[in-house]
Structures are given as structure tokens and as C-alpha cells.
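Examining the three-dimensional arrangement
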Amino acid sequence: MDVDSALAANLAGIAGQDPTGGMHHHHHHHHHMNLSSAVATATAAANVIDPNIGLAPQGGEDIDPKKTCIFCRRSFSHPGSLGRHLDLKRGTRMHPAEAVDQLRGDVKRRGDIVEIKARRAKRAKEYNARDEVKERAKTRRKEKDRSMRAREEAKLNFLNRLGLPALPPHPSFPYMVLYFLPPSQWPHDPPTQETYNQLTLILDPSMHLEDEHFIDWASKAKVAYDNWQQLGKSKKIEVWNREQRSAAEAALGTLTLYDLGRREDWLMDEEKRLIAMEGMQSM
Ligand SMILES: [Zn+2]
């Protein structure tokens, strides 16, 4: 197909005619194009402009429908020139205004619609992405808050489980030794004068002027040691053993040495337990 016959076929298609002939037969349609045939023209013209539907090059010569006027067959070096040509010739006998408008408008709209759709899709995607990010950040924040709350509560629980040792109003001498001396200074056997000397050093009120308790404790230690000296050897062993147990209980509370030794794990387990409990309560 050469340029002329290709364009003739186009024009025939635009007019809704058989491109292989019959152009003369239906010639009157061509001159009395109503609005619906103008739409058909534009649709056909748009199809021509679509490169996918564009005419396949036949007989060697290429026709670029973007650069060729479908009305007068003029070719242009640039699609923009064809546009200007259509604007200029619009309304002439060869270039019916409605058909040109439809063609130009359709070309513009087609492009616009694709662009608008792409823009809308992009915007929606961006928005959704932002929304998802926000939602994820919110969830993370909530989880972090919950985890921090659980951690604080776990620490409190640990401290509460740990003993809260207090000095009784009338403590025994062994209990005062166990209460004020670190375990490394606890005697192997029931405490003696030497232990009392260590205790008085620690409780010396002149070393703790800011804390009046030490005066009271120092005098309590004196009374307790005096009483302790009255006890027989086997009674001393019995009291010493009993008071060591009391000290351990006062220190550990309801925890075990095992719990105390793995306190980090204990805290983590407790934290998990609290979160699981909270999860169950919110169900
Ligand atoms: Zn033209």
C-alpha cells in the first residue's frame, strides 16, 4: 500500500466506508458529516494516531500518522507542526471543525487520562505507603511503650519479691551482726567479742553524725551483746543458726538464690508474663 491508498483507506475508515472501494458510492456521507460521524471520525483518527494501530509500512514508504494530516495528507517533519497545521486549517472544507476538534481533543484527553490515572495511582500509592508507615510506627511505638511498662513493672515485682529486711525493736546480737556486717565478715561460728568489736566500729555514731539512728543502734548492740554473753555455748549455736536463716529469709524474700543469680532472665521472663497477661485482659 502506498501513501495515497493508505490515506484513502484511512479516510474511508473515518467516514465509515469500505476502504477497498465504494468511496464514490457513499460520497454524500463524506460531505454531510453530522456530530456522530464526527465522533466516529475522531475515534478512527485517534486509532490512526495510536502507534500500535498505525499503518504498517508497506511498499517501502513509511507513513507516520503523528506527522501526517489525515484530512489533506500533508506530511510534517514534527507532530507539533501537524498540530499547528490542524489549528490553522480548522474549519476549512478539507478540515471540518468538529472532526479537527474531536481529533485534537481526543489526542489531548487520551494523553491526559493516562497521565491523570498514573498520577492518581501514584498519589494513592504514596498515601497508602505513608499510611502504612504511620501505622507501623504507631504499632511499634505502642509495643515499645507496653514493653517499657512491663519492664518497669517487672523490676518493681523483683524488688517486691526481694526481702525488705528491718531491724526488730529488740534484736539479738547475732541478728545485728548479720544485719550490719557483709557476709564476708560473718564469723563461721557463733559471734564473739571480736565480732562485737567489728560491729561497734561499723555502728560508731561519731562516724555517722548525720544519722541519729546509729546512736540507737550502737546502744542496742551493747544491750544485745550483754545478753548474748549470758547464753551457754549450745544455746549460742542454736540462736546463731536460727538467726542466719532469718537473715537469709529477710534478704531473699520469696526469691531464690537461683532467681537472684539470673535476675536479668528473671526480669525478661516476668516482662513476657506481664505482656501475655495484659494481652489476655484486653481480649
Ligand atoms: Zn491537512
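Residues numbered from 1 in each chain as written. Predicted model: local features only at pLDDT ≥ 70, side-chain atom pairs only at ≥ 80, totals over all residues. Heavy atoms only, no water.

**What about the coordination of the zinc ion?**
Binding of the zinc ion to the protein goes through Cys-69 (SG), Cys-72 (SG), His-85 (NE2) and His-95 (NE2), at separations of 2.0 to 2.3 Å. In primary sequence terms, the donor set of the zinc ion follows C-x2-C-x12-H-x9-H. (Donors = N, O, S within 2.8 Å, 3.2 Å for Na, K, Ca; no water.)

**As for the packing of helix H6 (residues 173-180) against helix H8 (residues 213-230)**
Two elements in contact, H6 and H8, have axes whose closest approach is 8 Å; the angle formed by their N-to-C orientations is 135°. One way to sum up the angle between H6 and H8 is to call them oblique. In contact with Phe-173, Pro-174, Met-176 and Phe-180 of H6, H8 contributes Trp-217, Lys-220, Ala-221, Ala-224, Tyr-225 and Trp-228. By residue class, the composition of the contact of H6 with H8 is 9 nonpolar, no polar and 1 charged. (Axes fitted to C-alpha atoms, helices over the stretch in contact; angles between N-to-C directions. Helix = DSSP H or I, 4+ residues; strand = E, 2+ residues; numbered from the N terminus. Parallel < 35°, antiparallel > 145°, perpendicular 65-115°, else oblique. Contact = heavy atoms within 4.5 Å. Nonpolar A, V, L, I, M, F, W, Y, C, P; charged D, E, K, R; others polar.)

**So, the pattern of salt bridges**
This model, assessed by the stated rule, comprises 14 salt bridges. For Lys-155, the salt bridge identified is with Glu-152, shortest N-O distance 3.8 Å. Highlighted residues: Lys-155 and Glu-152, both in helix H5 (residues 97-161), separated by 3 residues, approximately one helical turn. Assessed through its relative accessible area of 37%, Lys-155 is described here as partly exposed. Here Glu-152 falls in the partly exposed class, since its relative accessible area comes to 47%. We note a salt bridge from Arg-245 to Glu-249, for which the minimum N-O separation is 3.3 Å. With Arg-245 and Glu-249 both in helix H9 (residues 233-252) and 4 residues apart, this pair spans about one turn of that helix. (Salt bridge = Lys/Arg side-chain N within 4 Å of Asp/Glu carboxyl O. Buried < 20%, exposed > 50% of the residue type's maximum accessible area, 1.4 Å probe, protein only.)

**Some details on the nonpolar core**
Judged by nonpolar contacts, the single largest core of 21 residues is most densely connected at Phe-173, Met-176, Phe-180, Leu-199, Leu-203 and Trp-217. Contributions of two or more residues to this core are made by H6, helix H7 (193-203), H8 and H9. Excluding its chain neighbours within four sequence positions, the residues that come into contact with Leu-203 are Met-176, Phe-180, Phe-214, Trp-217, Ala-218 and Ala-221. Core analysis: the second largest hydrophobic core is formed by 9 residues, Ile-70, Leu-82, Val-100 and Leu-103 among them. (Core = buried A, V, L, I, M, F, W, Y, C linked by side-chain atoms within 4.5 Å.)

**Here's the deal with the packing of H7 against H8**
At a closest axis distance of 10 Å, the pairing of H7 and H8 adopts a crossing angle of 170°. The pairing of H7 with H8 is recorded here as roughly antiparallel in orientation. Across the interface between the two elements, Gln-193, Tyr-196, Leu-199, Ile-202 and Leu-203 of H7 pack against Phe-214, Trp-217, Ala-218, Ala-221, Lys-222, Tyr-225 and Gln-229 of H8. Classifying every residue of the contact of H7 with H8 by side-chain character gives 9 nonpolar, 2 polar and 1 charged.

**Concerning a positive patch on the surface**
Taken together, the side chains of Lys-138, Arg-141, Lys-142 and Arg-146 make up a positively charged region of the molecular surface. Position of Lys-142 relative to the elements: it lies in helix H5. Under the relative-accessibility criterion, Lys-142 is labelled exposed at 59%. (Patch = residues over 30% accessible without salt bridge, like charges linked within 9 Å, V, L, I, M, F, W, Y side chains within 5 Å. Areas by Shrake-Rupley, 256 points an atom, 1.4 Å probe, with all protein chains shown as cover. Lys, Arg positive; Asp, Glu negative; His and termini not counted. Charge placed at Lys NZ, Arg CZ, Asp CG, Glu CD.)

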